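# Descriptive structure summary
The residues making up each chain are set out below.
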Amino acid sequence: MVMHVELQATCSSLGYIEGNKYVKEPDCLEAIKDLIRFLKREDDSFEIRRELGNAQIVQNDLLHIIKWYSHDEKLFDAAFVDEELFNALTQKLGDLLKLDWEHRQEEDRLLIERILILIRNVLHVPPNEDREQRTDDDATVHDQVIWAIHCTGLEDLLLYIASSEDERNFSMHILEIVSLMFREQNPEILASAGVQRSMTEKEKDERHSRFGGTFVVHNMKSISDREVIYHKPLKDVNEMTFDSTKKPKKKPKNRQPIKGQEDILAREKTQDHDETYYLWAMRFFMEFCRHHSKQVDLVSETMSVQTFHYIQVQLFQYYEMIMMEKKEAVIWAKRVHLALKAYQELLHYLDMMDRSKNTQLMESSKVIKASEPVPDLTQTELDDKWDEVSEELSALFQGRGEIPTDISPFDAASEVQEDQQRIDAMIKIQDALRENKPGEAIALIRSAREIWPERDDFGSEDISPEEEFMALREIFMANLPSKCH
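Calculation criteria
- Residues numbered from 1 in each chain as written.
- Predicted model: local features only at pLDDT ≥ 70, side-chain atom pairs only at ≥ 80, totals over all residues.
- Heavy atoms only, no water.
- UniProt positions renumbered as here; feature names shortened; annotations may be inferred.
- Helix = DSSP H or I, 4+ residues; strand = E, 2+ residues; numbered from the N terminus.
- Buried < 20%, exposed > 50% of the residue type's maximum accessible area, 1.4 Å probe, protein only.
- Contact = heavy atoms within 4.5 Å.
- Areas by Shrake-Rupley, 256 points an atom, 1.4 Å probe, with all protein chains shown as cover.
- Phe/Tyr/Trp six-rings, centres within 6.5 Å; stacked < 30°, edge-to-face > 60°.
- Lys NZ or Arg CZ within 6 Å of the ring centre and 35° of its normal.
- Salt bridge = Lys/Arg side-chain N within 4 Å of Asp/Glu carboxyl O.
- Expected span 1.5 Å × (residues − 1).
- pLDDT = per-residue confidence, 0-100.
- Pairing = 2+ DSSP bridges.
- Polar contact = N/O pair within 3.5 Å; in protein donor to acceptor, adjacent residues only side chain to side chain.
- Axes fitted to C-alpha atoms, helices over the stretch in contact; angles between N-to-C directions.
- Parallel < 35°, antiparallel > 145°, perpendicular 65-115°, else oblique.
- Left-handed = near helix turned anticlockwise from the far one by under 90°.
- Nonpolar A, V, L, I, M, F, W, Y, C, P; charged D, E, K, R; others polar.
- Core = buried A, V, L, I, M, F, W, Y, C linked by side-chain atoms within 4.5 Å.

An unreviewed UniProt entry lists the protein under the name timeless, from Mytilus edulis. Its UniProt record gives the protein a comment under Subcellular location (unreviewed entry), which states: "Nucleus".

Dropping the structure here:
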């Protein structure tokens, strides 16, 4: 009885409907947390769930909170860390996916899409370290959501959708979800996570594996109608298998989730700029594979002439948009960055194929190079340097850091002619950028702009921070002499 009173008080603390709008109570967030605690302490009688069902909490409160207060990250996070919610979503999504295409109605397809979009939106909530106030080894809200997805088996359904030819219409939603799940991960660190075991652990495994033995398995009859006798090392009776000598069933190699995405993107059946998720996923998983297994055949779907061509086309389009939409230059520059990183991974794998001494791989590399103009790896190294310095440049443009004020590229007492000093100023800016001195580069380009205002070599007087950022990138990438006069 006491539990019912507390539960009713908690539900009353959520909020109420006033006119056409839902108004949350001041203690709404704590009430949601209390509800989660109630559900976690639930026993096999399911009294709490029945009470909440009778009170229609989902229809009358929780859905309205999501609808009216989706911008409130605290409420949104608290509501979606609950495993029970994801368990319900998993059950519903699984039931819908079991339907054959001839029995699946348009309402079923829309519901599948809405569930996937809901999952994507939950994962899209950005982390807030100041608000969460967690220790370094504590799980973030994002981690807790992913754990709930794992515990409820939802990730298995997502993998099924990604690899099923019949569900290709939902593949871009899956790509977004996967990219958001891994957004805080480093592929190189992730690739080595499974092999970071100490020598002591390995020695223990080897030492234990030397001990064989003969085991009698009770309540299991052999073909002679006697109890089974097992002659192999066994740590756990549940690990006993008679399939060790059998040939494993071959899995088709064409079931990679990323397969066929270029076709979907090319047919424009996606939302604007969905290709950025594709480019991110390509770079992430190719880099992971390169550090983990170094097997080219695992990324064979992306190592094709069509993929190289697709990324090159995207790069050209992004560069054009930078020139056409100056105000959105930073956004397009980020897309250029994504495309370049994906292209860089393709080049790394081409290099691996050339050095593999595998005749088939080497021939495939030649075919790709003959079909598409492929730059040297030195260009990708230059892109890596830009990635490093561009982050510091962005911070300085946002007022985080100091820019020197006592630097000038012009020396009035020098015997070098002014035109040559102007060229030297461009080289000095490039040298500062490539030596990872972004503050000095900004100071030089601004001083040069004051000295030579009649030319636009260093930007116009009313240049915006976004345009100045792109001007510095052009100087960084330019093919200039390496030494000043």
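The next point concerns the overall build of the protein. For the protein, the helix and strand inventory stands at 22 helices and four strands. In the protein, buried positions account for 36% of the 485 residues. A separation of at least 24 residues holds for 68% of the contacts in the protein among residues at least 6 apart in sequence. With an accessible surface of roughly 30,300 Å², the protein has 51% of that area assigned to carbon and sulfur atoms.

Our focus in this paragraph is unusual backbone geometry. Phi is positive for Lys294, close to 55°, though the residue is something other than glycine. Lys294 gets classed as exposed once you look at its relative accessible area, which sits at 55%. The phi dihedral of Asn436 is positive, around 60°, even though this residue is not glycine. Mapping Asn436 onto the fold places it in the loop between helix H20 (418-434) and helix H21 (438-451). By relative accessible area, Asn436 is classed as partly exposed at 35%.

Turning next to the packing of aromatic side chains. Two measures describe an aromatic ring pair: the distance that separates the ring centres and the angle between the ring planes. Taken as a whole and assessed by the stated rule, the structure comprises twelve aromatic pairs. Relative to Phe285, the ring of Phe284 has its centre 5.2 Å away and its plane inclined at 75°; by these criteria the two rings are edge-to-face. Here a set of aromatic residues connected by ring pairs shows up, and it is made of Phe182, Trp280, Phe284 and Phe285. The side chain of Arg335 reaches across the aromatic face of Trp332, ending 4.6 Å from its centre. Sitting over the face of the ring of Phe476, Arg434 holds its NZ or CZ atom 5.5 Å from the ring centroid.

Tallied over the full model, the rule gives 16 salt bridges. Where Arg104 meets Glu167, a salt bridge forms, and the shortest distance between an N and an O atom there is 3.1 Å. Taken together, the residues span a long stretch of sequence, with Arg104 in the loop between helix H6 (83-97) and helix H7 (106-124) and Glu167 in the loop between helix H10 (154-163) and helix H11 (171-181) at a distance of 63 residues. Of the charged contacts in the structure, one is a salt bridge between Glu435 and Lys437, with a shortest N-O distance of 3.4 Å. With a relative accessible area of 48%, Glu435 lands in the partly exposed category. The exposure class of Lys437 is partly exposed, given its relative accessible area of 38%. One continuous salt-bridge network, built from bridges that share partners, spans Glu106, Arg109 and Glu113.

What follows deals with H20. The end-to-end C-alpha distance of H20 is 24 Å, a good match for the 24 Å that 17 residues give at a rise of 1.5 Å each. Residues Gln421, Arg422, Asp424, Ala425, Met426, Ile427, Ile429, Gln430, Ala432 and Leu433 constitute the buried set of H20. Just downstream of H20 lies Asn436, where phi reads positive at about 60°.

A few words on the confidence of the model for the protein. Mean pLDDT over the protein stands at 77; residues scoring 70 or higher make up 74%. Every residue in residues 242-255 is under pLDDT 50, and counting partners more than four places away or in other chains gives ten contacts.

Turning to the pairing of strand E2 (residues 21-24), a few remarks are in order. Where strand E1 (residues 15-18) meets E2, four bridges bridge the pair, whose relative direction is antiparallel. Within E2, the position partnered with Tyr16 by the bridge is Val23. Linking E1 back to E2 in an antiparallel pair, the connection comprises two residues, with Gly19 at a positive phi of about 70°.

This part takes up the environment of Tyr22. Residue placement: Tyr22 occurs in strand E2. C-alpha of Tyr22 to C-alpha of Lys67: the two residues are 45 residues apart in sequence and 8.9 Å apart in space. The contacts of Tyr22, once residues within four sequence positions are left out, are Leu14, Gly15, Tyr16, Ile17, Asn60, Asp61, His64, Ile65, Trp68 and Tyr69. Engagement of the side chain of Tyr22 in a polar contact is seen with the backbone nitrogen of Gly15, the distance being 3.1 Å.

On to the packing of helix H15 (residues 275-292) against helix H16 (residues 305-324), then. The geometry of H15 relative to H16 is characterised by a closest axis approach of 12 Å and an angle of 130° between their N-to-C directions. On the basis of their axis angle, the class for H15 and H16 is oblique. For the crossing formed where H15 meets H16, the hand is left-handed. From H15, Glu275, Thr276, Tyr278, Leu279 and Met282 reach across to H16, where they touch Thr307, Tyr310, Ile311, Gln314 and Tyr318. Classifying every residue of the contact of H15 with H16 by side-chain character gives six nonpolar, three polar and one charged.

What follows concerns the nonpolar core. Across soluble globular proteins, nonpolar side chains show a tendency to be buried alongside one another. Counting residues in hydrophobic clusters, the biggest one holds 58 residues, and the most contacted among them are Met303, Ile311 and Ile429. Where this core is concerned, the elements lending two or more residues are H11, H15, H16, helix H17 (329-354), helix H19 (377-397), H20, H21 and helix H22 (465-477). Counting residues per element, this core draws most heavily on H17, which supplies 14 residues. Listed in part, the 25 residues of the second largest apolar core include Leu89, Leu96, Val141 and Ile177.

Before going further, it helps to spend a moment on the side chain of Ser304. Following the sequence through the fold, Ser304 ends up in the loop between H15 and H16. Here Thr307 takes part through its side chain, which lies 2.9 Å from a polar atom of the side chain of Ser304.

Another aspect to go through is the environment of Tyr277. Here Tyr277 shows up in helix H15. Residues Tyr277 and His173, spaced 104 residues apart in sequence, show a C-alpha to C-alpha distance of 9.7 Å. Once residues lying within four places of it in the same chain are set aside, the contact partners of Tyr277 are His124, Leu175, Glu176 and Ser179.

Attention now moves to the environment of Gln8. Take Gln8: it is sitting in helix H1 (residues 2-12). A relative accessible area of 49% places Gln8 in the partly exposed class. C-alpha of Gln8 to C-alpha of Glu51: the two residues are 43 residues apart in sequence and 8.9 Å apart in space.

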